[in-house]
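Architecture at a glance
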Amino acid sequence: MNKLIGFLVAAVMGTVVATAAFATDYTKGTVKKVDMKGKKVTIIHEELKNLDMPAMTMVFRVADDAMLEKVQEGQEIEFSADRINGNLTVIELKE
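Summarised in this report is the structure supplied together with it.

Note that T42 resides in strand β2 (residues 40-45). Under the relative-accessibility criterion, T42 is labelled buried at 14%. If near-sequence neighbours (up to four positions away) are discounted, T42 is found in contact with T30, V31, K32, K33, T57, M58 and V59.

Bringing the pattern of salt bridges into the picture now. A pair can form between side chains of opposite charge whenever their charged atoms are brought close. What the rule picks out here adds up to three salt bridges. We note a salt bridge from K39 to D65, for which the minimum N-O separation is 3.3 Å. Of this pair, K39 sits in the loop between β1 (27-35) and β2 while D65 sits in the loop between β3 (56-62) and α2 (67-70); the two residues are 26 residues apart in sequence, bridging distant segments of the chain. Residues E95 and K70 are paired through a salt bridge, measuring 3.0 Å at the closest nitrogen-oxygen approach.

A few words now on the sheet that holds β3. Here five strands make up a closed barrel; going around it, the order is β1-β2-β3-β5-β4 and the pairing mixed. Taking the axes of each pair of neighbouring strands and ignoring which way they run, one obtains an average angle of 55° across the sheet. Relative to strand β4 (residues 76-84), β1 runs antiparallel, the two sharing four bridges. Bridge pairing in β4 links G29 to I77.

For K49, the location among the structural elements is in the loop between β2 and β3. With relative accessibility at 68%, the residue K49 sits in the exposed group. Separated by 22 residues in the primary sequence, K49 and T27 have C-alpha atoms spaced 8.6 Å apart.

With that out of the way, let us pick up the packing of aromatic side chains. Under the definition given, this model contains one aromatic pair. Between F60 and F79, the aromatic rings sit 5.6 Å apart at their centres with planes inclined by 70°, giving edge-to-face as the arrangement. Separated by 19 residues along the polypeptide, F60 in strand β3 and F79 in strand β4 bring together distant segments of the chain. A residue is classified by how much of its surface remains accessible, and F60, at 1% relative accessible area, is buried. A residue is classified by how much of its surface remains accessible, and F79, at 0% relative accessible area, is buried.

Each value, and the rule that gives it
Residues numbered from 1 in each chain as written. Predicted model: local features only at pLDDT ≥ 70, side-chain atom pairs only at ≥ 80, totals over all residues. Heavy atoms only, no water. Helix = DSSP H or I, 4+ residues; strand = E, 2+ residues; numbered from the N terminus. Buried < 20%, exposed > 50% of the residue type's maximum accessible area, 1.4 Å probe, protein only. Contact = heavy atoms within 4.5 Å. Salt bridge = Lys/Arg side-chain N within 4 Å of Asp/Glu carboxyl O. Pairing = 2+ DSSP bridges. Axes fitted to C-alpha atoms, helices over the stretch in contact; angles between N-to-C directions. Phe/Tyr/Trp six-rings, centres within 6.5 Å; stacked < 30°, edge-to-face > 60°.

So this is what it looks like as structure tokens:
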């Protein structure tokens, strides 16, 4: 019985650790420009730790075109970005 309880505790802890590893890291930024035609957004952002990129102003593609309608110039946002097919891409906006 003790082995079963130990196994269950280990399984639950493993799930918690795995879930935490996939938690989304958001970065703060300010939208500088929205390019609807080019499907891009320029963001003045803080450090992007997952991309090993210091704070700077950068042009990003968007993973979903609907994101462009949710942002406007001067708006402060929190977002996550990654490289998709070699392009820096906003993959999620925090709502």
